[in-house]
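Residue-level structural notes
The chain contents come next:
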Amino acid sequence: MPRICVSGKRSMLLENRLRPVFALLFAVIVTGPPAPDEGMTMHMRTIAFMLLLVFAAVGLLAVFQRYAPTEHNPFKPLAITDPVGAATFHKLAGLEQDTEKCFSLLDEGGIFYTRLDDTTPRRHCGFYDALTLDQSLAPYSATLRMTCPLTASLAVWEQHVALPLAEEILGSPIARVETFGTYNCRRIGGGTAGRLSEHATANAIDISGFKLADGRLISVKKHWGQDSPEGKFLHDVREGACRVFAVTLSPDYNAAHADHFHFDMGAGDICK
Ligand SMILES: [Zn+2]
């Protein structure tokens, strides 16, 4: 979609040119049916009305484009520092189509990584648009290899969900995120048939808990479902993840996830 300029001299010029058109359109709509000798038919009025609607839509779009907050505006570029909003997931999901944009986003967000060569041939298990995570906004218990879009989503989740919630609910920063890992060449459910897991292309991460700076260990297996600060923290971390990842699975999903969260950036759409 072309960008619509609404500021500066160009918008003034456009406004001046459109003013008589709007005046005519409003006259047609507001002043009622024209006399027959004016040659104005119902067909022409319909066209004028449709034109008015188009102009109104373009105007609203221009106002939205200029004034909507970045996190709700799909036309503005994503930054990891942006709050999570209505457009955040849409932008994160779009990174799959633009690898260089994705890596630039990580660079600007202070994420350190080493790019991996794509696996060839490009099929089944392997690494595509992937990296080894050297340093994200939170430390992890293992070295992670994963796709760029998953890394970007993880950074947004760290900055706007996990890190602030730990301080807010538990009163301590996160010292380390405990993970079961990312890449694993297997099918969903671990059998020999069926669709490949997002783990098979390093597009998913499993998280089992959080080590806090004060020494506490918050465990999905132990604390999930508890009516306690630890239980509330895990619940809210899951809810926040649902706004960032395509698929968020917790112990509520099935017994296979009783001891960890699964986040991925595949084609699914699950939050449970
Ligand atoms: Zn998983």
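Everything numeric here is computed off the predicted structure, so don't read it as measured data.

1. Thoughts on the sheet that holds strand β2 (residues 130-135)
If you walk across this open sheet you meet the three strands as β1-β2-β3, and the pairing is antiparallel. What marks the edges here is a single partner per strand, and that holds for β1 (112-115) and β3 (145-147). Each adjacent strand pair in this sheet contributes to an overall mean axis angle of 45°, direction not counted. Across four bridges, β1 lies against β2 in antiparallel orientation. Residue pairing across strands places R115 opposite L131, the latter belonging to β2. Its contacts with the sheet put helix α5 (residues 148-170) on β1, β2 and β3, and the angle it makes with β3 is roughly 95°.

2. Some thoughts on the nonpolar core
By size, the foremost hydrophobic cluster in this structure holds 48 residues, and its most contacted members are A152, I205 and A241. For this core, the elements supplying multiple residues, two or more each, are α4 (99-108), β2, α5, β4 (174-181), β5 (204-212), α7 (229-242), β7 (247-249) and β8 (261-264). Filtering out sequence-adjacent residues up to four positions away, I205 remains in contact with L144, M146, L150, L154, T179, T182 and F263.

3. Brief notes about unusual backbone geometry
The backbone of D129 shows a phi angle near 50°, a positive value even though the residue is not glycine. Mapping D129 onto the fold places it in the loop between β1 and β2. In the Ramachandran plot, A202 falls in the positive-phi region, its phi being about 55° despite a non-glycine side chain. Position of A202 among the secondary structure elements: in the loop between β4 and β5.

4. As for helix α2 (residues 42-67)
Across its 26 residues, α2 extends 37 Å between first and last C-alpha, which sits within 8% of the 38 Å expected from 1.5 Å per residue. Counting buried positions along α2 yields zero of 26 residues, so the element is predominantly exposed.

5. Describing the environment of V156
Relative to the elements of secondary structure, V156 occurs in helix α5. For the pair V156 and T81, spaced 75 residues apart in sequence, the C-alpha to C-alpha distance is 7.4 Å. With residues near it in sequence (within four places) discarded, V156 still touches I80, V84, T88, L92 and V244.

6. Details of the confidence of the model for the protein
Close inspection of predicted coordinates is inappropriate in any region flagged by low pLDDT. When pLDDT is averaged along the protein, the result is 88; 85% of the residues meet or exceed 70. In the model, residues 1-14 has pLDDT below 50 throughout and makes eight contacts with residues more than four positions away in sequence or in other chains.

7. Focus: the environment of T114
Along the polypeptide, T114 turns up in strand β1. Distance in space between the C-alpha atoms of T114 and A130 is 8.8 Å, their sequence separation being 16 residues. Excluding residues within four positions of it along the chain, T114 makes contact with L131, T132 and D134.

Basis of the calculations
- Residues numbered from 1 in each chain as written.
- Predicted model: local features only at pLDDT ≥ 70, side-chain atom pairs only at ≥ 80, totals over all residues.
- Pairing = 2+ DSSP bridges.
- Helix = DSSP H or I, 4+ residues; strand = E, 2+ residues; numbered from the N terminus.
- Axes fitted to C-alpha atoms, helices over the stretch in contact; angles between N-to-C directions.
- Contact = placed C-beta atoms within 7 Å.
- Core = buried A, V, L, I, M, F, W, Y, C linked by C-beta atoms within 7 Å.
- Buried ≥ 20, exposed ≤ 12 C-beta atoms within 10 Å, placed from the backbone.
- Expected span 1.5 Å × (residues − 1).
- pLDDT = per-residue confidence, 0-100.

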